[in-house]
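Chain residues, written in single-letter form:
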Amino acid sequence: MGRLSGMRPFTYVRATAVRDAVAGVADHPGATFVSGGTDLLNLMKDSAQIHEHVVDINALPLATIDIQPGGPARIGAVARMRDVAEHPAVRSTLPVLAEALLGSASPQVRNMASIGGNLLQRTRCGYFRDAGTPCNKREPGSGCPALTGENRWHAVLGGSEHCIAVHPSDLAVALLALDATVISTGPDCERRTPLNEFYLLPGQTPDRENVLNHGELIVGVEVPTTPLAARSRYLKVRDRATFEFAVVSVAAAVELRGRQVQDVRLAFGGIATRPWRAFAAEDALRGRELTDDVLVAAAAEVVRGATPREQNAFKTELAQRATVDVLRALR
Amino acid sequence: MPVEISRRTVLITAGAVTAVAAVPVTWTVIEGAAPPPAGSSTAEVTLTVNGTVHRRTVEARVTLLDALREQLGLTGTKKGCDRGECGACTVIVDGNRIKSCLTLAVMRDGSEVTTVEGLADGDDLHPMQEAFIEHDAFQCGFCTSGQLMSAVALVEEGHAGSAEEIREWMSGNLCRCGCYPGIVAAVGEASR
Ligand SMILES: Cc1cc2nc3c(=O)[nH]c(=O)nc-3n(C[C@H](O)[C@H](O)[C@H](O)COP(=O)(O)OP(=O)(O)OC[C@H]3O[C@@H](n4cnc5c(N)ncnc54)[C@H](O)[C@@H]3O)c2cc1C
Ligand code: FES
Ligand code: FES
């Protein structure tokens, strides 16, 4: 067996009850959950993460997709990306969600990967994934080579002098535009966290990416099905036509009254250290007609205060153009 | 015993407080009474591969790809990138095409697996294999078993409506020899 994948040995257990799964991870500092495995296994092969114990959550009763007329959509944490993307009620009531999922990864990965795992996937920053280089996210205090190195893929918003890595999930961007809530359960807490408060800015602790504690399990997400959500689109700009992460992506939802914007959401991927809601740009659109002038002015708000680096300055322009394009399709 | 997921306000990092609304519980979780089972670094795994039942003791860290190739000797499934990026390792598990390098064999205990070795019926090739030969859909052949498994699943999924649709739904399978036009033509023909 000399050609194994290079993962260090670990113990494995398949949990059949939520309480067992949570205890199985919470009780071991080196333990983690596995769902699809499509990110975790890569990280373990590259020693970007090392775990002595892995708790499989696929047998938990958390794969349901429940959308009752008038109520919120409730999507279980181990529901597969494919099943959510193909769900007829998701497609009709939350189009931005279906579009973001279908534009993610490949059919094979979407058959495997789960909603909870997707939200918790780690950055694709090459320094983070290469255990041979410094990285404050992987090894706090070791430094961030991306600040002055290869930073074409990195953030222009939300960064700190410790980390400018982008959160790569398309799903999270769509869910942010949909005002979704993450429902989680830990050893001694159960809670609901609005997605807008779920991800943390890197600040001085880029190793801490979200509010979850060790051993806390995402149970599912809840998504309001509103008129706003029903008029939503996802635009993903990437280096090749398909099967690639976003250079810039935007999830937009617009509710019009007559020709005026009643309400709007704009969330971005690729440009920020966490899925990024553009509040100022939304404010510039509310109550207005979506004329080209209004769109261009709102788009400028998206990147106000951006900190471009040597290789990613193009993102400030690209994000504005993507904003205008997606809103034109919704007016 | 069905346990309601309770709700309360919880302190989160940096002093921020998440207010927790009182809404109906979504997931009713049936909890077992026994203590959580301890883990093991090896496990007995049963896989039905191309109709044959195999029972093996595998290390937990062994991927399905390595189990197929190294333990069952089924080397038709290829290891290209071992990172989910190339599709050479594509197999069909319980009806779904997946990348076997991104899943553990222990996670697939009890599953039905179809590999490229399971496509032909004796000397009678699968129509997709015939179509690949017909349309010159390979050169070196390294990606081909993954392309075939993806293609068979794609037709089953109903994604062979047009050349454009085939290209999109074959996008998880790369071909370094650049045989894409032949692959698209072969999949289109075999789907008719
Ligand atoms: C080749 C390739 C291309 C990709 N392209 C894209 C893309 O374009 N867009 C995109 O958004 N993504 C993309 N991805 C990433 C992919 O979407 C993620 O790998 C996947 O969604 C992770 O889900 P999983 O169930 O496999 O997670 P796993 O790998 O099982 O887990 C990931 C992490 O989440 C934790 N976890 C999982 N479930 C839970 C839970 N319920 N509660 C608490 N913790 C949990 C695990 O412990 C682990 O730390 C790509 C991946 C690959 C391999
Ligand atoms: S070997 Fe699995 S996708 Fe490349
Ligand atoms: S035939 Fe050579 S890689 Fe596809």
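Structure: above.
Residues numbered from 1 in each chain as written. Chains lettered and ligands numbered in written order. Predicted model: local features only at pLDDT ≥ 70, side-chain atom pairs only at ≥ 80, totals over all residues. Heavy atoms only, no water.

Draft legend 1. Quick look at the packing of aromatic side chains. Counted by the stated rule, this structure contains one aromatic pair over all chains. Pairing Phe198(A) with Tyr199(A) gives two aromatic rings, centres 5.0 Å apart and planes at 90°, and the pair type is edge-to-face. Both residues of the pair, Phe198(A) and Tyr199(A), count as buried. Across the ring face of Trp169(B), the terminal group of Arg110(A) is positioned such that the distance to the ring centre comes to 5.0 Å. (Phe/Tyr/Trp six-rings, centres within 6.5 Å; stacked < 30°, edge-to-face > 60°. Buried < 20%, exposed > 50% of the residue type's maximum accessible area, 1.4 Å probe, protein only. Lys NZ or Arg CZ within 6 Å of the ring centre and 35° of its normal.)

Draft legend 2. Broad picture of helix H9 (residues 170-177) of chain A. All names here are of chain A. Within H9, eight of the eight residues are buried, which leaves it mostly tucked inside the rest of the structure. What H9 keeps buried is the set Asp170, Leu171, Ala172, Val173, Ala174, Leu175, Leu176 and Ala177. Two or three places before Leu171, at the opening of H9, Ser169 has a side-chain oxygen 3.2 Å from that residue's backbone nitrogen. Just past H9, the residue Asp179 takes up positive phi, approximately 55°. (Helix = DSSP H or I, 4+ residues; strand = E, 2+ residues; numbered from the N terminus. Polar contact = N/O pair within 3.5 Å; in protein donor to acceptor, adjacent residues only side chain to side chain.)

Draft legend 3. Expanded view of the packing of helix H2 (residues 127-134) of chain B against helix H5 (residues 180-191) of chain B. All names here are of chain B. At a closest axis distance of 8 Å, the pairing of H2 and H5 adopts a crossing angle of 140°. When the axes of H2 and H5 are compared, the pair comes out oblique. The chirality of how H2 crosses H5 is right-handed. Where H2 approaches H5, its residues Pro127, Met128, Ala131, Phe132 and Glu134 are matched on the opposing element by Ile183, Ala186, Val187, Glu189 and Ala190. (Axes fitted to C-alpha atoms, helices over the stretch in contact; angles between N-to-C directions. Parallel < 35°, antiparallel > 145°, perpendicular 65-115°, else oblique. Left-handed = near helix turned anticlockwise from the far one by under 90°. Contact = heavy atoms within 4.5 Å.)

Draft legend 4. How the structure looks around the site of ligand 1. Around ligand 1 sit 36 residues in total, of which Phe33(A), Gly37(A), Thr38(A), Ser114(A) and Asp170(A) are the nearest. Residues lining ligand 1 come from chains A and B. At 2.5 Å, a backbone N or O of Phe33(A) approaches an oxygen atom of ligand 1. Note that an oxygen atom of ligand 1 is positioned 3.3 Å from one of the side-chain N or O atoms of Asn118(A). Relative to its unbound accessible area of 980 Å², ligand 1 is 96% covered by the protein chains. Mapped onto the shell around ligand 1, the elements with two or more residues apiece are strand E2 (31-34), helix H2 (40-45), helix H7 (115-119) and strand E8 (217-223) of chain A. Its residues assigned to classes, the shell around ligand 1 shows 15 nonpolar, 14 polar and seven charged. (Near = heavy atom within 4 Å. Areas by Shrake-Rupley, 256 points an atom, 1.4 Å probe, with all protein chains shown as cover. Nonpolar A, V, L, I, M, F, W, Y, C, P; charged D, E, K, R; others polar.)

Draft legend 5. How the structure looks around unusual backbone geometry. Its identity is not glycine, yet Ala105(A) carries a phi of approximately 50°, on the positive side. Position of Ala105(A) among the secondary structure elements: in the loop between helix H5 (95-102) and helix H6 (107-112). The residue Asp136(B) is not glycine, and still its phi comes out positive at about 50°. Note that Asp136(B) resides in the loop between H2 and helix H3 (144-157). Judged by relative accessible area, Asp136(B) falls into the exposed class, the value being 61%.

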